[in-house]
Amino acid sequence: MKNIKLIEVASEIGAGTRGASLGIDAVKIAALDFMSNFFIHFPSEKIPTENKLLFEPIESPYAKRLKGITTMYERVSKAVCDTLKSNFFPVLLSGDHSIAGATIAGIKMAKPKSKLGVIWIDAHADLHTPYTTPSGNMHGMPLSISINEDNIEMSTHDIDEATKQGWNYLKNLGKIAPKVLPEDVVFISLRDYEKEEKNLIEKYGMKVITTNEVRRKGTENIVLLVCTKIILHKMCGWIW
């Protein structure tokens, strides 16, 4: 616990609705109510945002505010990478889900030879791409960025060259792609995803622990199950 560093990212340009940037302060206020000193006990870094883009026209309908997302990916991945290289454990407090891809990128950039795993606790898979997105919001794309996937076979959009180049840059940030292999991703409490995302889950055999399974077995048992299988996988290469 001594070496934790907080990284605050009040960004919400990847989401379709407003308010995600307020989450950090909400957590801090809740901590005060519980008389917690967590937020004064550890060093903290605030990453500048590009939320000003919320008031500007959208350039790419299939990857909304892509340039701002790219800037945030660069800032956050560098902060995570530098934090790890300084022997601190990064704890990110952020707005919308698009920042998750930058977090994964920063870890991989700091440890390029290490094999990463992702435990994704979310109702949504966030496996869309500019080729498949129903909304264009990039908070639905961080995992596809991380696994370096376009999902072309399920494509419903023809994207312009600028969007294609920006998308490819994100996937290859740090000159490493993929950041994590699909088979090293575990979804917990996944319950709401489109056929395009289902295609990738089935294509790669990505492990899904549903909300019903969590309710049936209990949170503690699910955590124990996942941790046990991670240890077995690391020790002897056992596949889920």
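This report concerns the structure included in the present document. All values reported here derive from a predicted model rather than from experimental measurement. (Residues numbered from 1 in each chain as written. Predicted model: local features only at pLDDT ≥ 70, side-chain atom pairs only at ≥ 80, totals over all residues. Heavy atoms only, no water.)

## Description of the environment of I7
Move 1: Mapping I7 onto the fold places it in strand β1 (residues 4–9).
Move 2: Judged by its relative accessible area of 0%, I7 is buried.
Move 3: Residues I7 and V91, spaced 84 residues apart in sequence, show a C-alpha to C-alpha distance of 6.1 Å. (Helix = DSSP H or I, 4+ residues; strand = E, 2+ residues; numbered from the N terminus. Buried < 20%, exposed > 50% of the residue type's maximum accessible area, 1.4 Å probe, protein only.)

## Some details on a nonpolar patch on the surface
Move 1: A cluster of nonpolar side chains, I119, I121 and I230, forms an exposed patch at the surface whose accessible area comes to about 280 Å².
Move 2: Inspection of the secondary structure puts I121 in strand β4 (residues 118–121). (Patch = residues over 30% accessible without salt bridge, like charges linked within 9 Å, V, L, I, M, F, W, Y side chains within 5 Å. Areas by Shrake-Rupley, 256 points an atom, 1.4 Å probe, with all protein chains shown as cover. Salt bridge = Lys/Arg side-chain N within 4 Å of Asp/Glu carboxyl O.)

## Examining helix α4 (residues 98–110)
Move 1: The buried fraction of α4 amounts to 10 of the 13 residues, a majority that puts the element mostly inside the structure.
Move 2: When α4 is considered as a whole, its buried residues turn out to be S98, I99, G101, A102, T103, I104, A105, G106, K108 and A110.
Move 3: Those residues of α4 hidden inside the fold are in contact with β1, α3 (66–85), β3 (89–94), β4 and α5 (142–146). (Contact = heavy atoms within 4.5 Å.)

## Focus: the packing of α3 against helix α6 (residues 161–171)
Move 1: Relative to each other, α3 and α6 sit at 15 degrees, their axes nearing to 10 Å. Considered as vectors, α3 and α6 are oriented roughly parallel to each other. As for the relative orientation of α3 and α6, their crossing is left-handed in sense. Counted together, L66, I69, T70, Y73 and E74 of α3 and A162, T163, G166, W167, Y169 and L170 of α6 form the full contact between these two elements.
Move 2: Residue composition of the contact of α3 with α6, by class: seven nonpolar, three polar and one charged. (Axes fitted to C-alpha atoms, helices over the stretch in contact; angles between N-to-C directions. Parallel < 35°, antiparallel > 145°, perpendicular 65-115°, else oblique. Left-handed = near helix turned anticlockwise from the far one by under 90°. Nonpolar A, V, L, I, M, F, W, Y, C, P; charged D, E, K, R; others polar.)

## Some details on the packing of α3 against α4
Move 1: Look at α3 against α4: their axes get within 7 Å of each other, and the N-to-C directions meet at 40 degrees. Taken together, the axes of α3 and α4 are oblique relative to one another. Crossing geometry of α3 relative to α4 is assigned as right-handed. Contacts between α3 and α4 involve I69, M72, Y73, V76, S77, V80, C81, L84 and K85 on the former and, on the latter, S98, I99, G101, A102, T103, A105, G106, I107, M109 and A110.
Move 2: Residues belonging to the contact of α3 with α4 are distributed by class as follows: 13 nonpolar, five polar and one charged.

## A word on the sheet that holds β4
Move 1: As summarised here, the arrangement of the three strands in space is β4-β5-β6, forming an open sheet in which the pairing is parallel. The outermost strands of the open sheet, each flanked by one partner alone, are β4 and β6 (207–210). Direction aside, the axes of adjacent strands within the sheet are offset by 15 degrees on average.
Move 2: By the bridge criterion, four bridges tie strand β5 (residues 185–190) to β6 in an arrangement that is parallel. Paired with V186 across the bridge in β6 is K207. (Pairing = 2+ DSSP bridges.)

These results come straight from atomic positions and should not be treated as a statement about function.
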